[in-house]
Amino acid sequence: MTREEKATVIKDLTTQLADSATIYVADISGLDAGTTSDLRRACFKANIRLAVVKNTLLAKAMEASEKEFGELPETLKGNTSLMFSDVANAPAKLIKNFRKKSNKPLLKGAFVEEAIYIGDENLDALVSIKSKEEMIGEIIGLLQSPAKNVISGLKSGGGKIAGILKTLSEK
């Protein structure tokens, strides 16, 4: 690979790092062709971009990035694959589900919404991270419950002003 090609790869990686709020660094070495194909297919279905990268080029891209990756560059040993996703816990769920059939991929580390997770032991914590959509759904559910109680109380008050005032004073 020439210097120009390396510079292009570093620039592309830097752009991908800048554009992604969720970046997982994983080790998929040792997977046979069929299992690797299954992993790529699962990533595609989950809308996760999977890329195998050279550690030195990724380290330079991390240095060039405006993001602070903390200890994540120290995990760049051996084979390295990147998983980019718009949903914070999607790669963790995919890894956990895929490991029911295989002992790989192993999680080296993750950069999720500016938080850094190092090591495979953080996989369960990453799986339990709620997506923005899940959080919004929970908040809406919590907000709707008291409103529904008040509305049902108002309806049971008979629609008369005295009943409505009594119901509101009770709530």
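Refer to the structure presented above.
Residues numbered from 1 in each chain as written. Predicted model: local features only at pLDDT ≥ 70, side-chain atom pairs only at ≥ 80, totals over all residues. Heavy atoms only, no water.

Enquirer: Just give me the short version of the overall build of the chain, but keep the residues and values in it.
Expert: A tally of regular secondary structure across the chain gives seven helices and five strands. In sequence order, the secondary structure elements of the chain are arranged as α-β-α-β-α-β-α-β-β-α-α-α. Counting over 171 residues, the chain shows a buried share of 36%. Expressed as a percentage of contacts within the chain between residues at least 6 apart in sequence, the contacts between residues at least 24 apart total 72%. Working note: accessible area of the chain is about 10600 Å², and carbon and sulfur atoms make up 55% of it. (Helix = DSSP H or I, 4+ residues; strand = E, 2+ residues; numbered from the N terminus. Buried < 20%, exposed > 50% of the residue type's maximum accessible area, 1.4 Å probe, protein only. Contact = heavy atoms within 4.5 Å. Areas by Shrake-Rupley, 256 points an atom, 1.4 Å probe, with all protein chains shown as cover.)

Enquirer: Describe in detail the pattern of salt bridges, supporting the description with residues and values.
Expert: In total, this model carries four salt bridges according to the counting rule given. Note that Lys104 is salt-bridged to Asp27, the shortest N-O span being 3.4 Å. Of this pair, Lys104 sits in the loop between α4 (90-98) and β4 (106-112) while Asp27 sits in strand β1 (residues 22-27); the two residues are 77 residues apart in sequence, bridging distant segments of the chain. Owing to a relative accessible area of 14%, Lys104 belongs among the buried residues under this scheme. Residue class for Asp27 comes out buried when judged on its relative accessible area of 13%. The partner of Arg99 in a salt bridge is Asp120, with the nearest N and O atoms 2.8 Å apart. In this pair, Arg99 sits in the loop between α4 and β4 while Asp120 sits in the loop between β5 (115-118) and α5 (123-127), placing the two residues 21 residues apart along the sequence. On the accessibility criterion, Arg99 (25% relative accessible area) is partly exposed. (Salt bridge = Lys/Arg side-chain N within 4 Å of Asp/Glu carboxyl O.)

Enquirer: Describe the nonpolar core, listing the residues and the values that go with them.
Expert: Membership of the largest hydrophobic core comes to 19 residues, with the highest contact counts inside it found for Tyr24, Leu39, Cys43, Met83 and Leu126. Mapped onto this core, the elements with two or more residues apiece are α2 (33-45), α4, β4 and α5. Per-element accounting of this core gives the leading share, five residues, to α4. The residues contacting Leu126, other than those within four sequence positions of it, are Tyr24, Asn89, Ala92, Leu107, Ala110, Val112 and Tyr117. Membership of the second largest hydrophobic core comes to 16 residues, among which are Ile23, Val25, Phe69 and Leu82. (Core = buried A, V, L, I, M, F, W, Y, C linked by side-chain atoms within 4.5 Å.)

Enquirer: Help me get a handle on the environment of Pro105, residues and values and all.
Expert: If you trace the backbone, Pro105 turns up in the loop between α4 and β4. C-alpha of Pro105 to C-alpha of Val25: the two residues are 80 residues apart in sequence and 9.8 Å apart in space. Setting aside chain neighbours within four positions, we find Pro105 in contact with Ala26, Asp27, Ile28, Leu39, Ile95, Phe98 and Arg99.

Enquirer: Break down the sheet that holds strand β3 (residues 80-85) for me, with residues and values.
Expert: As a general point, the strands of a sheet are linked pairwise by backbone hydrogen bonds and lie either parallel or antiparallel. Overall, antiparallel pairing links the five strands, which are arranged β2-β3-β1-β4-β5 in an open sheet. A strand with exactly one partner marks an edge of an open sheet, and here the two such strands are β2 (49-53) and β5. Here the average twist between neighbouring strands, direction ignored, is 20°. Pairing analysis gives five bridges linking β2 to β3, with the strands arranged antiparallel. Among the inter-strand pairings, Ala51 is bridged to a residue of β3, identified as Leu82. Against the sheet, α4 engages β1, β3 and β4, with an angle of about 130° to β3. (Pairing = 2+ DSSP bridges. Axes fitted to C-alpha atoms, helices over the stretch in contact; angles between N-to-C directions.)

Enquirer: Any details on the packing of aromatic side chains? Residues and values, ideally.
Expert: Scanning the entire structure with this criterion turns up one aromatic pair. Taken together, a centroid distance of 5.0 Å and an interplanar angle of 55° make the contact between Phe69 and Phe111 tilted. On the criterion of sequence distance, the pair formed by Phe69 in the loop between α3 (55-64) and β3 and Phe111 in strand β4 is long-range, its members being 42 residues apart. For Phe69, a relative accessible area of 3% puts it in the buried group. (Phe/Tyr/Trp six-rings, centres within 6.5 Å; stacked < 30°, edge-to-face > 60°.)

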